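Residue strings, one per chain:
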Amino acid sequence: MRPGLQPFLLGVPLALWAAVLLSLDLRCQAVQAENVTVLEGGTAEISCRLQNYDGSIVVIQNPRRQTLFFNGTRALKDDRFQMVLFTPRLVRIALSNVSVLDEGGYFCQLYTDDTHHQVATLTVIVPPETPTVEVKTQAVEGGEVELTCHSPRSKPPATLRWMRDRREIPGVVSQQDNSKTVSVSNTIRIPVERRDNGAALSCEATHPSLGGQKKVRHYRLDVHFAPTVRIMPPPGILREGDSLSLVCSVTGNPLPRNPLWSRVNDTLPERTEISGTTLSIARLSQSHNGTYLCQAQNDYGRAADHYALLVYDPGAVVETHSAVPYAVIGGVLALLVFAVICVLIVTVWCSVRQKGSYLTHEASGLDEHGDVQEAFLNGSDSREGKKEYLL
């Protein structure tokens with residue numbers, strides 16, 4: 001270095017030196033690439049920015065280092081790649097229907113005296129599909145049901161939550177890597193009763209690519225339980241000639257299809273018709289009296305209900321109702337006659353008693369004066385022979 005130049009260089013500020021070096025670096029940097037993020041199935045645009053382009057060869061390669069474009073000409077037979085723009089400042093290609101297999105670094109290369117290249121990283125996001133629900137164990141009354149919500153693939157992993165009545169049901173979450181994507185599962189175990197049959201549950205999948213939305217799978221509990229049976233009786237009194245219709249109401253899961261009708265200790269009458277859960281008998285008679293039974297069963301138990309049929313004779317019913325007033329009148333008359341007889345008996349008894357007392361008193365008076373009367377009739381001496389006179 002010349003002696004006069006060194007003091008000059010030492011006097012140059014450091015900031016100015018930095019600006020000069022950056023300018024030199026920019027002149028040397030002939031190509032720049034931009035990273036791209038796209039949803040699976042979408043279209044990705046990969047751009048290479050050129051600086052100081054002098055017409056040299058521009059090559060774009062995929063992550064497997066296969067040449068996609070040589071200058072503006074497509075080299076790889078893949079119709080998904082299209083040249084969008086080729087200028088001295090910008091080269092842009094488009095990749096449609098992107099999949100996770102397309103993910104990676106795309107090379108932008110400029111062949112000059114010195115080869116320059118930059119890498120544009122393509123990131124593919126995989127949104128989750130609507131999750132599926134798998135029943136691990138069958139729901140039976142008094143037991144537990146195991147349900148698994150499954151999202152087969154997403155990137156990054158989706159978040160799964162079980163919900164019931166807007167409340168989250170805690171579960172066990174597991175993940176499994178599938179090369180470029182991740183499968184996620186959430187398993188719950190809950191106790192179930194008969195009242196839980198048909199209860200609504202839902203599995204919600206959330207993901208950054210959904211923009212605050214959710215993919216939801218709805219599920220209704222299918223709880224199995226033993227049947228219950230109830231016979232719906234007809235209203236009022238059944239008389240001969242009437243028609244009978246009995247409905248057997250059956251519940252259960254699974255629902256018994258054909259309940260069994262029978263008559264206890266006897267066969268069903270000849271005119272009996274059975275249609276589904278209904279038993280019908282036309283023109284009833286007293287021979288139809290008896291206990292009718294409806295039974296139902298499924299794999300979880302059986303149940304039954306009975307109905308006692310009593311058919312009345314219309315004639316007997318009418319006679320009974322018409323005889324009631326006469327019986328009441330006869331009873332009242334008999335009571336009155338009995339009362340009169342009792343009064344007469346008491347009256348006669350009192351009269352006889354009073355008359356007996358009078359006669360007794362009179363008889364006692366005759367005894368006291370009998371000697372005087374007898375002396376007067378027989379003379380002064382009562383000791384002499386007595387004579388009896390019938391007065």
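To be clear, the structure that these remarks concern was listed above.
Since the structure is predicted, the reported quantities are computational estimates derived from the model, not experimental observations.

Draft legend 1. View of the state of the cysteines. Evaluation of the coordinates by the stated rule reveals 3 disulfides. In this model Cys149 forms its disulfide with Cys203; the gap between the sulfur atoms is 1.7 Å. Residues Cys149 and Cys203 share a disulfide whose torsion about the S-S bond is about -85 degrees; that sign makes it left-handed. Residue Cys149 is located in strand 13 (residues 144-154), and its partner Cys203 is located in strand 18 (residues 200-206); the two are separated by 54 residues in the primary sequence. As far as the burial class goes, Cys149 and Cys203 line up, both buried. If one numbers only the bonded cysteines of the protein chain, in the order they occur, the disulfide pattern is 1-2, 3-4, 5-6.

Draft legend 2. Quick peek at the sheet that holds strand 11 (residues 132-137). Taken in spatial order, the 4 strands line up as 11-13-17-16 in an open sheet, and their pairing is antiparallel. The open sheet terminates on both sides in strands that have one partner only, identified here as strand 11 and strand 16 (172-178). If you compare each strand with its neighbour and ignore which way they point, the axes differ by 25 degrees on average. Both strand 13 and strand 17 (residues 181-191) contribute to a ladder of 9 bridges, which runs antiparallel. Bridge pairing in strand 17 places Thr148 opposite Thr187.

Draft legend 3. Broad picture of unusual backbone geometry. Residue Lys155 is joined to Pro156 through a cis peptide bond whose omega torsion reads -5 degrees. Checked against the element boundaries, Pro156 lands in the loop between strand 13 and strand 14 (159-164). The omega torsion of the bond from Asn253 to Pro254 falls at 0 degrees, within 30 degrees of zero and hence cis. Following the sequence through the fold, Pro254 ends up in the loop between strand 21 (244-253) and strand 22 (260-263). In this model, Arg166 sits at a positive phi of 65 degrees, which is unusual for a non-glycine residue. Summarising the element assignment, Arg166 is placed in the loop between strand 14 and strand 15 (167-169). Looking at Arg166, the relative accessible area reads 82%, which means it is exposed.

Draft legend 4. Representation of the sheet that holds strand 19 (residues 215-220). Pairing is antiparallel across the open sheet formed by 4 strands, whose spatial order is 15-14-18-19. The outermost strands of the open sheet, each flanked by one partner alone, are strand 15 and strand 19. When strand polarity is set aside, the average angle formed by the axes of neighbouring strands in this sheet is 35 degrees.

Draft legend 5. Broad picture of the packing of aromatic side chains. The final tally for this structure, using the stated rule, is 0 aromatic pairs. In this structure, Arg65 is placed above the aromatic ring of Phe107, and the distance from its NZ or CZ to the ring centre is 3.9 Å.

Draft legend 6. Spotlight on the pattern of salt bridges. For the coordinates displayed, the defined rule picks out 15 salt bridges. A salt bridge links Glu141 to Arg194; the shortest N-O distance between them is 3.3 Å. With a gap of 53 residues between them, Glu141 in the loop between strand 12 (139-140) and strand 13 and Arg194 in the loop between strand 17 and strand 18 connect regions that are remote in the sequence. Take Glu141: its relative accessible area is 33%, and that puts it in the partly exposed class. A residue is classified by how much of its surface remains accessible, and Arg194, at 30% relative accessible area, is partly exposed. Asp266 is the salt-bridge partner of Arg263, the closest N and O atoms lying 3.2 Å from each other.

Draft legend 7. The arrangement of the pairing of strand 26 (residues 301-309) in detail. By the bridge criterion, 9 bridges tie strand 25 (residues 290-298) to strand 26 in an arrangement that is antiparallel. Bridging across to strand 26, Cys294 finds its partner in Asp305. Hairpin geometry of strand 25 and strand 26 is characterised by an intervening segment of 2 residues between the two adjacent antiparallel strands.

Draft legend 8. Highlighting a nonpolar patch on the surface. Together, Ile57, Phe70 and Tyr111 make up a nonpolar patch on the protein surface, roughly 270 Å² of accessible area in all. Counting through the fold element by element, Phe70 comes out in strand 5 (residues 67-70). Accessibility expressed as a relative area gives 44% for Phe70, which makes it partly exposed.

Draft legend 9. Structural detail: the nonpolar core. If you look at the biggest cluster of nonpolar residues, it comprises 25 residues, and the most contacted ones within it are Leu68, Phe81, Ile93, Val98, Tyr106 and Leu122. Those elements that provide at least two residues to this core are strand 2 (36-39), strand 3 (44-50), strand 4 (57-61), strand 5, strand 8 (90-95), strand 9 (104-111) and strand 10 (115-125). In terms of residue count, strand 3 provides more of this core than any other element does, 4 residues in total. Not counting residues within four places of it along the chain, the set of residues in contact with Phe81 comprises Leu68, Phe69, Arg74, Ile93, Ala94, Leu95 and Tyr106. Listed in part, the 19 residues of the second largest apolar core include Ala139, Val184, Ala199 and Ala205.

Draft legend 10. Highlighting the side chain of His288. Here His288 is to be found in the loop between strand 24 (278-281) and strand 25. If we ignore the near neighbours within four places in the chain, the residues touching His288 are Arg263, Pro269, Arg271, Ile281, Ala282, Arg283 and Leu309.

About the criteria used
Residues numbered from 1 in each chain as written. Predicted model: local features only at pLDDT ≥ 70, side-chain atom pairs only at ≥ 80, totals over all residues. Heavy atoms only, no water. Disulfide = S-S within 2.5 Å. Helix = DSSP H or I, 4+ residues; strand = E, 2+ residues; numbered from the N terminus. Buried < 20%, exposed > 50% of the residue type's maximum accessible area, 1.4 Å probe, protein only. Pairing = 2+ DSSP bridges. Axes fitted to C-alpha atoms, helices over the stretch in contact; angles between N-to-C directions. Phe/Tyr/Trp six-rings, centres within 6.5 Å; stacked < 30°, edge-to-face > 60°. Lys NZ or Arg CZ within 6 Å of the ring centre and 35° of its normal. Salt bridge = Lys/Arg side-chain N within 4 Å of Asp/Glu carboxyl O. Patch = residues over 30% accessible without salt bridge, like charges linked within 9 Å, V, L, I, M, F, W, Y side chains within 5 Å. Areas by Shrake-Rupley, 256 points an atom, 1.4 Å probe, with all protein chains shown as cover. Core = buried A, V, L, I, M, F, W, Y, C linked by side-chain atoms within 4.5 Å. Contact = heavy atoms within 4.5 Å.

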